[in-house]
Amino acid sequence: MIKQNGFALPVAVILLLVILGLGSAYFTVSRQQLFSMNRHAASERAYHIAQSALIVAQMVFDESRDFINRSDEDSWPKESKADPLLRGWIQAILNSDGHLQKSQVEFDLEHPLIDYLREQDGTDQIRVIMRMLPSQPIFSGTGFPINENEITTVVEIEAEALVGEVSSRLLANREIRYINIIPSPLSRFTLMVREFVETPMQESVNSLPMILQNGKVLACTPSHSPTEISTMLETQGWVYLGGTAEIRMGVNSGNGLISHRSPCLLEDMYLYDVDPEDSFSSRDDLMYYTRETHLSPQLQGASEQEALALVSSDDLKTGSLLLFGSEEAFSPTIVFGPVRKVSALLQGIYNTENGKYSPLPLLNPSQFLGGPWPGGFTEPTRLTIVDNFDSDFARYQIRSSKLYTTDANFLITRLLKDSEAFSIHSLEPATWPEDSNLKNLSIAGIPAPWHQAVHATAYQLKDDLGNTYFDGGDFSQLTELPWINRKSGYRFRSGADFLRLQAKNGELKLSGIADIRGDLEITDSLRVPSGQGGILIVEGNIRIRAAIEAEDSEPLTLISKTGSIEVLTSEKIEAGLVCLMGTAEFPSGFDVSGFVSAKQIQKNPLESAQPRRISYNTKMDPASSVHFRRNFRMMTERGWQLAIK
Amino acid sequence: MRRGLGLAEVVLAIALISLSSVPVFYLFSTSRRMQGSAKYLALAISEANSMHAAITASGKTGVLPTLIEMTSDENLMGELSLSELGLLPLKPPLWRKLSLSPMVESTSILKVEIEVGWDRHNEDSSRYRLMGFIRTK
């Protein structure tokens, strides 16, 4: 018999329990899902808050880096001139000399934007730590000119945000290279040519010399002390012309243009009493005179041309370079190499009664005694002059017109006070002043004098604080620059890639040293803002077809490692150009402001109204401790390496 | 007697089920609502992240500054044309809102505020808000 009592209720209770059980499970799962999703939402918020804090710290780092990289005077000293929002971090990472710290630095960043994030609903806590790890020197080997302040390190930023009970911690890091962008020692020279071949020229409107402006421009007046001259020369861009054969630079007439004419010629008449042994000494109205002139026969008077009629036309050709600037802008310097200056010396007899000058012509011994003489001398006059010198050709030669050569650097003596002691007839004074040596140039450990040829196989260069920055061999052997190549921090596959990435809207942003594979061709004008200069090391050739403008003379150097540099524009190029294995080729008109270092140079001789000029950029001077100090740059990788902890 | 007891039992069972149906219904409907919220919150988080990524990318490519310059009001942006950022339309009831504003402390940082919601009538509990900074240069 089947029992039917109690059937419905137990079933209902069981059903109810099942439904309640299912409902509870569903409720628990749903609640857990929602809870989990809310936690996920809080986690996402915390992540974005931490990421925002990271962005603020990255901005502080980038703006600090850009400020530290600025070379303009207004930004120094960095620690006090920095924006108040950047000052804390900048003060933390710079040492007392203003260079990057070498030990680890940890800095708790506070910034109004982080305060803003803190004030957001739900944000409980934010902490941002900026950290610079202990540095390593850029160079670990020997044999390179090492600056101990050039280092590599890593900067880390740690940002942590707490939203509710969920925290998010992000870590970003980036490599830093702290390097100097002055291409020492090349930029000590306005022009350095390893294998210079002089091509003397017959001046014309189509053929004018290349002018070197070596820094300061002076008046050629004998008003300076030896010490003043030494000090001045130590800040001028020097000139190195390599080679073993003598390089003869004829004094230029500039084809009548003072802008292209050799400076500091002794064109005023220097008058001398007649020597007592000469018979003219019995006359009160006669004196000897002497004056210097350039080598351009077509611009001199007939008597002057005749006085130098024996000189071959080849010897009257002028130099292809104006080493010391022009008559319009005299810019003295020290010239390295076997360089001699050739000019014409017009000498003769001056009659104080009638004011007439009578040049004594350049002769050979047989002409002296046998005649005839050029210049319209009558036979009686000729014989009178021969008698004056007792028929002694050697005595005549001292007072007659001639070409004369001196070391190129001897020109500087014309700035000396009381320079009569160094006049044409006493080229070597009995004793040179002790302070006529350069402090920052030594040859075999001995300071080099500025009045003589500087031609050696080993040089030691010091900066204005006495620190040696180059101690090596002959510059003519300088073909590779490993101490510059090793500092490079960026790599580009081609010149086009570099320009596309780093020269947007015609504004170059480099702030460091970059390697470029292949060639580089600059076809559009480039502007280099202050602090964004650097060195471009191009594997192949460099062609420049447009202007390069450097704000506030910001240093920029273009180096062709194995190729040549071709300038194809007359617009101003504010950059140093280096091709130690190739040729620096210039058009008929060019204007380079920086420096040029090359194996050879080649100039286009065609007519041009444009200047042909290389001007020295003193801001690239490695011997200037101030400028060198201002050209350290923090290079950073393009992006940050990110990690979530 | 047995029949009476049976009837009472049935009545009791029905009453029990009827009484308990209210909390059970509440339990299920609440759970369902929570499930919906969780689902929409997940969608909202995902959508907000996509929008943030699109805005960040636009900032990097320079599109964003152009858009900002096109607007003239002080807050720079109210509703942004999202198609310009490459985002697809949302299916209702999802909606989204984006605003960008410059920070006076820095010209290179923009504040991004993103809201994605799924019920316009109950805005506080049915929306996901995200705030962060992006760099424009």
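Shown above is the structure to which this text applies.
Rules of the game
Chains are numbered independently. Their residues run from 1 in the order of the written sequence. The lettering of chains begins at A and the numbering of ligands begins at 1, in the order of writing. The predicted nature of this model means local features are confined to residues of pLDDT at least 70 and side-chain atom pairs, given and counted, to a pLDDT of 80 or more, with totals for whole chains, interfaces and linings taken over all residues. Water and hydrogen atoms were dropped before computing side-chain values, which therefore reflect all heavy atoms in the structure. At least two DSSP bridges between two strands are needed for those strands to be called paired. Helix and strand assignments follow DSSP, with helices taken as H or I runs no shorter than four residues and strands as E runs no shorter than two, numbered in order from the N terminus. Each cavity reported here is a set of points on a 1 Å grid over the protein atoms alone in which a 1.4 Å probe fits but cannot get out, each pocket an open set with protein on both sides within 12 Å along at least five of seven lines, and each lining residue one with an atom within 4 Å of a point. Grid points are joined across faces, edges and corners, and a volume is the space filled by probe spheres set on the points. In this classification, Asp, Glu, Lys and Arg are treated as charged, Ala, Val, Leu, Ile, Met, Phe, Trp, Tyr, Cys and Pro as nonpolar, and every other residue, Gly included, as polar. A 1.4 Å probe rolled over the protein chains alone gives each residue an accessible area, and that area as a share of the maximum for its type sets the label: buried under 20%, exposed over 50%, partly exposed in between. Any pair of nitrogen or oxygen atoms within 3.5 Å is treated as a polar contact; in protein, a donor-acceptor pairing is required on top of that, and neighbouring residues in sequence qualify only through side-chain atoms on both sides. In what follows, residue pairs with any heavy atoms lying within 4.5 Å of each other are defined as contacts. Helix axes use the C-alpha atoms of the stretch in contact, all axes being lines fitted to C-alpha atoms, and the angles between their N-to-C directions lie in the range 0 to 180 degrees. We define buried area as the total accessible area lost by two parts upon association, computed with a 1.4 Å probe and summed across both. Any Lys or Arg side-chain nitrogen located within 4 Å of an Asp or Glu carboxyl oxygen qualifies as a salt bridge. For Phe, Tyr and Trp, rings pair up if their centres lie within 6.5 Å, where Trp contributes its six-membered ring, and each pair is then called stacked (planes under 30 degrees apart), edge-to-face (over 60) or tilted (otherwise). We call a charge positioned above a ring when the Lys NZ or Arg CZ atom is no farther than 6 Å from the ring centre and deviates by at most 35 degrees from the ring normal. Disulfides are defined as pairs of cysteine sulfur atoms found within 2.5 Å of each other. We call a set of buried residues a nonpolar core when its members are Ala, Val, Leu, Ile, Met, Phe, Trp, Tyr or Cys and they connect through side-chain atoms within 4.5 Å of each other. The directions from the helix axis to the C-beta atoms form the arc being described.

For the rest of this paragraph, the subject is the pairing of strand β15 (residues 356–359) of chain A. Residue and element names in this part refer to chain A. Where strand β14 (residues 339–351) lies against β15, four bridges are found, and the strand directions are antiparallel. Paired with G348 across the strands is P359, a residue of β15. Where β14 folds back on β15, the antiparallel hairpin that results is connected by four residues, among which G355 adopts a positive phi of roughly 70°.

All names here are of chain A. All told, the structure shown has four cavities of 30 Å³ or more when counted by the stated rule. In terms of lining, the largest cavity is formed by 19 residues, of which the most central are V251, S262, L323, F324 and K341. Put simply, the parts of the chain that give the lining of the largest cavity at least two residues each are β9 (247–250), β12 (321–322) and β14. In terms of residue class, the lining of the largest cavity is made up of 11 nonpolar, four polar and four charged.

A separate point is the side chain of T569(A). Residue and element names in this part refer to chain A. On the secondary structure map, T569 appears in the loop between β29 (565–567) and β30 (572–573). Residue classification places T569 among the buried residues on the basis of a relative accessible area of 8%. One polar contact links the side chain of T569 to the main-chain amide nitrogen of E571, over a distance of 3.0 Å. Contact partners of T569, with chain neighbours within four places excluded, come to I544, R545, A546, P587, G589 and F590.

Right, let's get into the sheet that holds strand β1 (residues 95–103) of chain B. One open sheet accounts for three strands, arranged β1-β2-β3 (chain B); its pairing is antiparallel. The open sheet has two edge strands, β1 and β3 (127–135) of chain B, and neither has a second partner. Going across the sheet, the axis of each strand differs from the next one's by a mean of 15°, ignoring polarity. As paired strands, β1(B) and strand β2 (residues 106–117) of chain B are joined by nine bridges and run antiparallel to one another. Bridge pairing in β2(B) links K97(B) to E115(B). Its contacts with the sheet put helix α1 (residues 8–69) of chain A on β2 and β3 of chain B, and the angle it makes with β3(B) is roughly 15°.

Let us now look at the sheet that holds strand β20 (residues 468–473) of chain A. Sheets are built from strands that pair by backbone hydrogen bonding, the pairs being arranged parallel or antiparallel. Residues and elements named next belong to chain A. Pairing in this open sheet of four strands is antiparallel, and the strands run β18-β17-β19-β20 from one edge to the other. Only two strands of the sheet have a single partner each, and these edge strands are β18 (446–449) and β20. Direction aside, the axes of adjacent strands within the sheet are offset by 35° on average. Across three bridges, strand β17 (residues 437–443) lies against β18 in antiparallel orientation. Residue pairing for β18: N437 is matched across the bridge by P449.

Another point: the environment of P365(A). Residues and elements named next belong to chain A. Relative to the helices and strands, P365 is located in helix α7 (residues 365–370). Using a relative accessible area of 48% as the deciding quantity, one classes P365 as partly exposed. Along the backbone, P365 and Y396 are 31 residues apart, and their C-alpha atoms lie at a distance of 9.8 Å.

Residue and element names in this part refer to chain A. As a volume, the second largest pocket reaches approximately 560 Å³. Along the wall of the second largest pocket there are 25 residues; nearest its centre are I146, N147, D463, F628 and F632. Elements supplying a minimum of two residues to the lining of the second largest pocket: β20, α10 (482–485) and α12 (625–630). It is α12 that contributes the most residues to the lining of the second largest pocket, three residues altogether. The residue makeup of the lining of the second largest pocket, split by class, is 11 nonpolar, eight polar and six charged.

Let's shift gears to the interface of chain A and chain B. At the interface, 45 residues of chain A touch 37 residues of chain B. Of the roughly 3,500 Å² buried where chain A meets chain B, counting both sides, 73% is carbon and sulfur surface. Along the contact surface separating chain A from chain B lie one salt bridge. The partner of R135(B) in a salt bridge is D62(A), and the shortest N-O contact between them spans 2.9 Å. Taken together, the links from chain A to chain B amount to 10 residue pairs in polar contact (both at pLDDT 80 or more). For the side of chain A that touches chain B, the secondary-structure elements that each account for two or more residues are α1 and α4 (112–118) of chain A. Looking at which element gives the most residues to the side of chain A that touches chain B, the answer is α1(A), with 34 residues.

Residue and element names in this part refer to chain A. Applying the stated rule across the entire model yields 30 aromatic pairs over all chains. When the centroid spacing of 5.5 Å and the interplanar angle of 90° are considered together, the rings of F389 and Y396 count as edge-to-face. Each member of the pair F389 and Y396 is classed as buried. Every member of this aromatic cluster is reached through a ring pair, and the members are F189, W238, Y240, F336, Y459, F470 and F475. Residue placement shows K78 over the ring face of F67; its charged tip is 4.8 Å from the ring centre.

On to the state of the cysteines, then. Residue and element names in this part refer to chain A. By the definition in use, this model includes one disulfide over all chains. Here C220 is linked by a disulfide to C264, with a sulfur-sulfur distance of 1.6 Å. Where C220 bonds to C264 through sulfur, the torsion about that S-S bond is close to 95°, and the disulfide is right-handed. Here C220 is found in the loop between β7 (210–213) and α5 (226–235), whereas its partner C264 is found in the loop between β9 and β10 (270–272), with 44 residues between them in sequence. Note on C264: relative accessible area 7%, which makes it buried.

Counting residues in hydrophobic clusters, the biggest one holds 95 residues, and the most contacted among them are L241(A) and F586(A). Excluding residues that lie within four positions of it along the chain, L241(A) makes contacts with L191(A), V193(A), F196(A), I247(A), M249(A), L321(A), L323(A), F336(A), G337(A), P338(A) and V339(A).

Next up on the list: the environment of D285(A). All names here are of chain A. Tracing the chain through its elements places D285 in the loop between β10 and β11 (286–293). C-alpha of D285 to C-alpha of S560: the two residues are 275 residues apart in sequence and 65 Å apart in space. Once you skip the residues sitting within four places of it in the chain, D285 turns out to touch Y350, N351, T352 and E353.

A pair can form between side chains of opposite charge whenever their charged atoms are brought close. Scanning the entire structure with this criterion turns up 43 salt bridges over all chains. Salt-bridge contacts for D62(A) lead to R65(A); the nearest nitrogen and oxygen are separated by 3.7 Å. Of the two residues, D62(A) and R65(A) both sit in helix α1, three residues apart, roughly one turn of that helix. On the basis of relative accessible area, D62(A) is assigned to the buried category, the value being 9%. Across the pair R395(A) and D278(A) runs a salt bridge whose closest N-O atoms are separated by 2.4 Å. Of the two residues, R395(A) sits in helix α9 (residues 393–399) while D278(A) sits in the loop between β10 and β11, which places them 117 residues apart along the sequence. For the pair formed by R395(A) and D278(A), the shared burial category is buried. Each of D62(A), R65(A), D66(A), R174(A) and R135(B) takes part in a single network of salt bridges with overlapping partners.

Most peptide bonds take the trans configuration, and most residues that are not glycine carry a negative phi. All names here are of chain A. Note that the residue after W76, namely P77, is joined by a cis bond; omega there is -5°. The residue P77 is located in the loop between α1 and α2 (78–81) in this model. Of note, the bond from S184 into P185 is cis; its omega dihedral lies within 30 degrees of zero at 0°. Secondary-structure assignment places P185 in the loop between β5 (166–180) and β6 (189–193).

Residues and elements named next belong to chain A. Taken together, the buried positions of helix α3 (residues 84–93) are L86, W89, I90 and I93. Projected onto a plane normal to the axis of α3, the buried residues spread over an arc of 100° and lie on a single side. If you follow the buried residues of α3, they end up packed against α1, α2, β1 (105–108), β2 (123–132) and β4 (151–163). Sitting at the head of α3, D83 places a side-chain oxygen 2.8 Å from the backbone nitrogen of L85.

Purely geometric numbers; function is a separate question.
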